[in-house]
Structures are given as structure tokens and as C-alpha cells.
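Examining the three-dimensional arrangement
Spelled out from the first residue to the last, the chains are:
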Amino acid sequence: MEAASTQPNKCCCRKPQAATADYAGPCQPVSDPAVWSLPWVVGRIPTPVGDVPIVSTTLTWRDRLGAWKVRWAIGRMSFRVPPGLYAVGSPDENSPILATANYKLSFDQLRSQLAGRNAWVLVLDTKGVNVWCAAAKGTFSTDELVRRTQATGLAKIVSHDVLIAPQLGAVGVSAGEARTRSGFRVLFGPVRATDVPQFLDDGFKSPSMHLVRFALKDRVTLVPVELVQWARKASVASAALAILASFGREGCSWEGFVSSGLPSGLLMLFAVLSAVLFGATLLPWLPGRAFSCKGAWLGACIAVAFVAAVAWGSVGRFTPLEIAGWCIAFPVIASYVLMDFTGVTPYTSVSGVRWEVRRALPLQIAGIAVAAILWLLGRFVA
Amino acid sequence: MNGFQYISGVVSLTVDEAKCVGCRMCVNVCPQGVFVIENRKAKIHRRDDCMECGACAKNCLTSAITVQCGIGCARALIRSVVFGTEPTCDCSGDSAA
Ligand code: SF4
Ligand code: SF4
């Protein structure tokens, strides 16, 4: 798989032509020298183009802590792996090559599945974003794949031409184009890293390895980061509402804040956060296909719980109009929150989202306006 | 996709049977199991499961597939309407792989 063919004038139609020179610099497995001091780099293996870092296949508490921080949206932007070529075990020229994103979680998931094997791992520069999002954004792309194979001098290290990419990378990588430009045949492997060992052993994908899943576990994993994001937004709205609700007909007072400002603000926060929590976990069981519809149902349940709590006398004093306002606000808020979930679920189409937003958004805006009017009437007029 | 179905009858996916050579690439890359091969031609088997990711169209060597692909994300869509820009995915979500 040298770029220079021994018979320059002959080109078998099945064989790719010499790689176009996209990359001009010197070949280097990993260009960032900081790689050698990374905690998960456990050694080096010499190759014709230089030393390749060997990575550990066991995740340490530090890796897990990092993953945990990402899930709670703490400093997630710095969670990157230097792009380049890495080794697992002691690979040789016949060992398989696996491509992945330079999002540390993707990389960790992959290397932890490769225990006891010899393989090359090609980390593409996806700006620290996972495979799927990167493919959709265009960073996990044919261009980057070609550039990275050339920059690492991969063709001088292995004697075969098969590169295994995660299947979801197919959104950004065209196997045909990658082959003509880099000389490597891209094989789309399993969607999930956990299926990689079996894929390597059997050499083919079983039907279940093709499909994305969105099981309860996957959805629960999403909850923390969504909670943090929404809590930020909701706390602003809650604070504003709490101040507004502290005003009574007699003006603003500490009593007003304690008796209605604080409860109103907390209700707002509760409305949003319960929608995130229950929405993510109960998603497939909520009625309707449109997410906004699922959300409205969820909000209705929250409203019922709210009315019951008021009747029980446990959430402060509200006028009937205020209660009516909240009963409209809950479904609207939950409907909007769940509609936003379309961005993190792996089965929503653009056409569907467009269909849904066009119908649901006007209703949501009208709903929140009605709720606000009822609430204001309840507070200041009735 | 096993119990999850989004809005039906809106997906923009088409296959030009005349161009299709039955290479199975679309079957291989589709994460939703939308295609089956019948008589050496790709058939859309579960149209409503398509999430318009565009992987099939990108990897079909004969350009037999068209799909209006994009990000199925309400936030991106609303933002693009409000600010008059292209929908962009600043998702930092964390799906499998
Ligand atoms: S990838 Fe294109 S040519 Fe190949 S089977 Fe699918 S539609 Fe047909
Ligand atoms: S756009 Fe994506 S989900 Fe739809 S058929 Fe093509 S590969 Fe499958």
C-alpha cells in the first residue's frame, strides 16, 4: 500500500489509484509531544515512521472520574485525546486498524474493549466530539480520515488496507471516496464499542450490531447533563418569577416572598426538572409520537400531582386562577422540554422535527400566554 | 427502531431502482434497519424508522439514494428560524460509540 506503485502506468480498475497528496508534512504517529506523559499511555512501539504510543486497556479511576464529570457537564470541553495513531498490545503490520473520534469517552470505550488484543487505533481529530455528532457536524469526515491516515504514515506501518470505522461514522465518511483518496478500504464496523471484540473475532456484523439502541440505560445516562443544562436556564426563569410573585397588591414584601414568591419560583424549577427527569426515562411509554405530545401528557400528570398537593395543603396558598394558570403551564413547559429532546435521541428525522415544531410551537406560545394571564389575574386582580 | 417510532409519513428518503446495483452498502450503514435487498435491489422496508442521517446516500456508490439529511433537533431548528441562520448542531450529547 505504498503511494508509489511499482508499475506506475498500470492501474487495475479494482485497485485504488495512488493517493492524492492532501498532506504535505512529515509523517508522525502522534504529533502532540504531550502524549508521552498521558497517564493511559503505557509504552511505545517502534515503527518505520516513529514510535507509536501504546495505550492501556484498563480504565483507571481517573478515566472513570473524567467520564463522570463529562456526564455532569463539568469541564467537558477539555476531554480530548491527541489525534494520531495508537497501539494496543503489540500490533504488527497485519493487525487490524480501528478508527475513532478524539472524544475521550469514545476512545476509552474502544480501548477498554480491546484487552488482550493487538490492534492499531487511529484517532481522528473531531474536536473532542463523539463519533455521531462529529459525523453530523462534518469533523468525522472523509477529509479528516484521509488526512489522518497520511499524517500518521499508516500505509508504511501496515501491509493491509482495511480500516475499521464505527458504523455511525458513515454519516460523515464515504467509503468509496476514502478508498480512492487514501488507498484504505473503510469497513464500517459495529455501532457500539462493546460489539467490537465479537466483530473482530467473527469478521462480520450480526444484525443487532447495525442498529442504534436507546434503552433505558442510555436515556438515564443523558439525564444528568440535561438536568444541569436545564437547571441553568430554569433557575433564571425561576428567580424572575419568584421576584415577580413577591409583589402582592400591597407591593413587594418579605412575607410576599416567603408565602408566594419562593413557592412560585420552586414550582417553575420543579416543572422543568421533573419534565427532564421523567421525560427521559419514560419517553417510549408516553403516548403519542410527537415529542411535544408526549411532553404535554407528562405535564398533565405533573399538573394533577400539583392540584393534589395543593388540595392536601402542602405547597402554600394559591388562588384558583393561579392554580388554573399552573395547570396550563405544566403541560406547556413539559411539552417544550421534551420537544428539545429531539436533539439527543437517535431516531428523530429533520422532516419530523420540522413537522412537529411547526404545529407545536404556536400552541406552546399561546398556552404559556394564557397561563401567564391567568396567573397575573389570579395574583393581582381576583 | 424497536418500539421507538417518530412521526410517520414525513421522511424524504427515495431510492432510484434503476441506478441501484444491489451492493448492500446502504443496508450496512443504516443505523435504523430501513433497507432490505430484494431481487438485487434496495427496498425501503421501514420508511418511518428513517432518521434522515444521510449515511446511506453518502455511501451509495451509484448515487441511487436521495435524502434530505440534517439534524433532527428542535433547538437547532428554532434557533435557525429565530436568527435566520443555518441549523447547526452544537449538541454535546453523548450517544453510543
Ligand atoms: S448502496 Fe446504493 S447501489 Fe448499493 S444497494 Fe443501496 S441503493 Fe443500491
Ligand atoms: S438516512 Fe440514515 S436512517 Fe435513513 S435510511 Fe439512510 S442511513 Fe438509514
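This section reports on the structure supplied with the text. (Residues numbered from 1 in each chain as written. Chains lettered and ligands numbered in written order. Predicted model: local features only at pLDDT ≥ 70, side-chain atom pairs only at ≥ 80, totals over all residues. Heavy atoms only, no water.)

**Observations concerning the overall build of chain B**
Under the convention used in this document: Secondary structure elements are defined from DSSP: runs of H or I of at least 4 residues count as helices, runs of E of at least 2 residues count as strands, and each element is numbered from the N terminus. Classification of residues uses two cut-offs on accessible area relative to the type maximum, computed with a 1.4 Å probe and protein chains only: under 20% is buried, over 50% is exposed, and between them is partly exposed. Throughout, a contact is declared for two residues whenever any of their heavy atoms are within 4.5 Å. Values of accessible area rely on a 1.4 Å probe in the Shrake-Rupley scheme; residue burial ignores everything except the protein chains shown.
When you go through chain B residue by residue, the secondary structure sums to 3 helices and 4 strands. Listing the helices and strands of chain B from first to last along the sequence gives β-α-β-β-α-β-α. The buried share of chain B, taken over its 97 residues, is 46%. Looking at chain B alone, contacts between residues at least 24 apart form 47% of all its contacts between residues at least 6 apart. Carbon and sulfur atoms form 53% of the exposed surface of chain B, whose accessible area is close to 4800 Å².

**Brief notes about the nonpolar core**
Applied cut-off: By nonpolar core is meant a set of buried Ala, Val, Leu, Ile, Met, Phe, Trp, Tyr and Cys residues that side-chain atoms within 4.5 Å join together.
With 48 residues, the main nonpolar core has F306, W326, F330 and V337 of chain A as its most contacted residues. At the level of elements, α9 (216–246), α10 (254–282), α11 (291–312), α12 (320–340) and α13 (350–381) of chain A together with α3 (74–83) of chain B are the ones that each hand at least two residues to this core. It is α12 of chain A that provides the largest number of residues to this core, a total of 9 residues. Every residue in contact with W326 of chain A, bar those within four places of it in the chain, is listed here: L241, S264, L267, M268, F306, F318, P331 and W375 of chain A. Listed in part, the 41 residues of the second largest apolar core include W132, F140, A178 and V186 of chain A.

**Description of the side chain of K104 of chain A**
Residue and element names in this part refer to chain A. Worth spelling out the cut-off: Here a polar contact is taken to be a pair of N or O atoms separated by no more than 3.5 Å, where protein atoms must pair a possible hydrogen donor with a possible acceptor and residues adjacent in sequence count only if both atoms sit in side chains.
Looking at the element boundaries, K104 is found in helix α2 (residues 104–112). Within the local environment of K104, its side chain forms a polar contact with the side chain of D63, the two groups lying 2.8 Å apart. The residues touching K104, leaving out its near neighbours within four places in the chain, are W40, D63, F79, V81 and R111.

**Topic: the site of ligand 2**
Worth spelling out the cut-off: Any residue with a heavy atom lying within 4 Å of a molecule or strand is counted as near it. Only Asp, Glu, Lys and Arg are considered charged in this grouping, and only Ala, Val, Leu, Ile, Met, Phe, Trp, Tyr, Cys and Pro are considered nonpolar; every other residue, Gly among them, is considered polar.
Taken together, 13 residues sit near ligand 2, with C30, C50, C53, G54 and C56 of chain B positioned nearest. Of the residues assigned to the shell around ligand 2, the class counts are 10 nonpolar, 2 polar and 1 charged.

**Details of the site of ligand 1**
The environment of ligand 1 is formed by C20, V21, G22, C23, R24, M25, C26, I37, A42, C60, T62 and I65 of chain B. Residues belonging to the shell around ligand 1 are distributed by class as follows: 9 nonpolar, 2 polar and 1 charged.

**Re the pattern of salt bridges**
Heads up, the rule is: Whenever a carboxyl oxygen of Asp or Glu lies within 4 Å of a side-chain nitrogen of Lys or Arg, that contact is scored as a salt bridge.
Tallying each qualifying case throughout the model produces 16 salt bridges over all chains. In this structure, D195 of chain A engages R192 of chain A in a salt bridge whose closest nitrogen and oxygen atoms are separated by 3.6 Å. Relative accessible area serves as the criterion here: at 11%, R192 of chain A is assigned to the buried category. A salt bridge links R46 of chain B to D49 of chain B, with the shortest nitrogen-to-oxygen separation between them at 3.3 Å. Judged by its relative accessible area of 6%, D49 of chain B falls in the buried class. One salt-bridge network, held together by shared partners, links D63, K104, D108 and R111 of chain A.

**Some remarks on the environment of G343 of chain A**
Tracing the backbone through its elements, the reader meets G343 of chain A in the loop between α12 and α13. Here G343 of chain A falls in the partly exposed class, since its relative accessible area comes to 25%. In the structure, G343 of chain A is positioned 108 residues away from S235 of chain A in sequence and 22 Å away in space, judged by C-alpha atoms. If we skip the residues at most four places from it in the chain, G343 of chain A touches G72 and C73 of chain B.

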